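Here is what each chain is made of, one letter per residue.
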Amino acid sequence: MSHPKKTGLIGGLGVKYGVKARKKYTELLTEKSRKHVCIQCGSLSVRRESVGIWVCSKCGLRFSGGAYTPSTKIGDTAERSTRTIR
């Protein structure tokens, strides 16, 4: 009896946890692992170093952000509100 091939980022999960949960998990993993735009130099070279720590490989900027993305919705809202006060 042959086993089904494990493909993609969530291949190890198999049929467990439901379709919605597996799709959401796949989106998080792909967003985490792709390159993002640097807030200082503007190049597409920001990678995740660890949970919440992001590093630009071009200019060397290290900054904190979200666990899966460099910026969070709450952080964007806070930045907008402080920008209008100044």
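Look up a bit, the structure's there.
1. A few points about the layout of surface pockets
Alright, step 1. Size it by volume and the largest pocket reaches roughly 230 Å³.
Alright, step 2. Lining of the largest pocket is provided by Val 37, Ile 39, Phe 63, Ser 64, Gly 65, Gly 66, Pro 70, Ser 71, Thr 72, Gly 75, Asp 76 and Glu 79.
Alright, step 3. Contributions of two or more residues to the lining of the largest pocket are made by strand S3 (62-64) and helix H2 (73-85).
Alright, step 4. Among the elements that line the lining of the largest pocket, the one with the most residues is H2, at 3 residues.
Alright, step 5. Grouping the amino acids of the lining of the largest pocket by side-chain chemistry returns 4 nonpolar, 6 polar and 2 charged.

2. Side note on the environment of Gln 40
Alright, step 1. With respect to the helices and strands, the residue Gln 40 is situated in the loop between helix H1 (19-33) and strand S1 (46-50).
Alright, step 2. For Gln 40, a relative accessible area of 56% puts it in the exposed group.
Alright, step 3. For the pair Gln 40 and Thr 77, spaced 37 residues apart in sequence, the C-alpha separation works out to 19 Å.
Alright, step 4. Setting aside anything within four residues of it in sequence, one finds Gln 40 in contact with Cys 59 and Leu 61.

3. Some remarks on the sheet that holds strand S2 (residues 53-56)
Strands belonging to one sheet form pairs held by backbone hydrogen bonds; the direction of such a pair is parallel or antiparallel.
Alright, step 1. Here we have 3 strands laid out as an open sheet, ordered S1-S2-S3, and antiparallel in their pairing. Lying at the two open borders of the sheet, with one neighbouring strand each, are S1 and S3. For this sheet, the mean angle separating the axes of adjacent strands, direction not counted, is 35°.
Alright, step 2. Both S1 and S2 contribute to a ladder of 4 bridges, which runs antiparallel. From the neighbouring strand, Val 46 faces S2, where its bridge partner is Cys 56.

4. Regarding the side chain of Arg 22
Alright, step 1. Tracing the sequence through the fold places Arg 22 in helix H1.
Alright, step 2. For the buried Arg 22, which has no salt bridge, the nearest side chain bearing the opposite charge is Glu 27, at an N-O separation of 12 Å.
Alright, step 3. Polar contacts involving the side chain of Arg 22 include one to the main-chain carbonyl oxygen of Gly 18, which spans 3.0 Å.
Alright, step 4. Ignoring any residue separated from it by four or fewer positions in sequence, one finds Arg 22 in contact with Ile 10, Leu 13, Gly 14, Val 15 and Lys 16.

Analysis parameters
- Residues numbered from 1 in each chain as written.
- Predicted model: local features only at pLDDT ≥ 70, side-chain atom pairs only at ≥ 80, totals over all residues.
- Heavy atoms only, no water.
- 1 Å grid on protein atoms, 1.4 Å probe; cavity = no way out; pocket = protein on both sides within 12 Å on 5 of 7 lines; lining within 4 Å.
- Points joined across faces, edges and corners; volume = space filled by probe spheres on them.
- Helix = DSSP H or I, 4+ residues; strand = E, 2+ residues; numbered from the N terminus.
- Nonpolar A, V, L, I, M, F, W, Y, C, P; charged D, E, K, R; others polar.
- Buried < 20%, exposed > 50% of the residue type's maximum accessible area, 1.4 Å probe, protein only.
- Contact = heavy atoms within 4.5 Å.
- Pairing = 2+ DSSP bridges.
- Axes fitted to C-alpha atoms, helices over the stretch in contact; angles between N-to-C directions.
- Lys, Arg positive; Asp, Glu negative; His and termini not counted.
- Salt bridge = Lys/Arg side-chain N within 4 Å of Asp/Glu carboxyl O.
- Polar contact = N/O pair within 3.5 Å; in protein donor to acceptor, adjacent residues only side chain to side chain.

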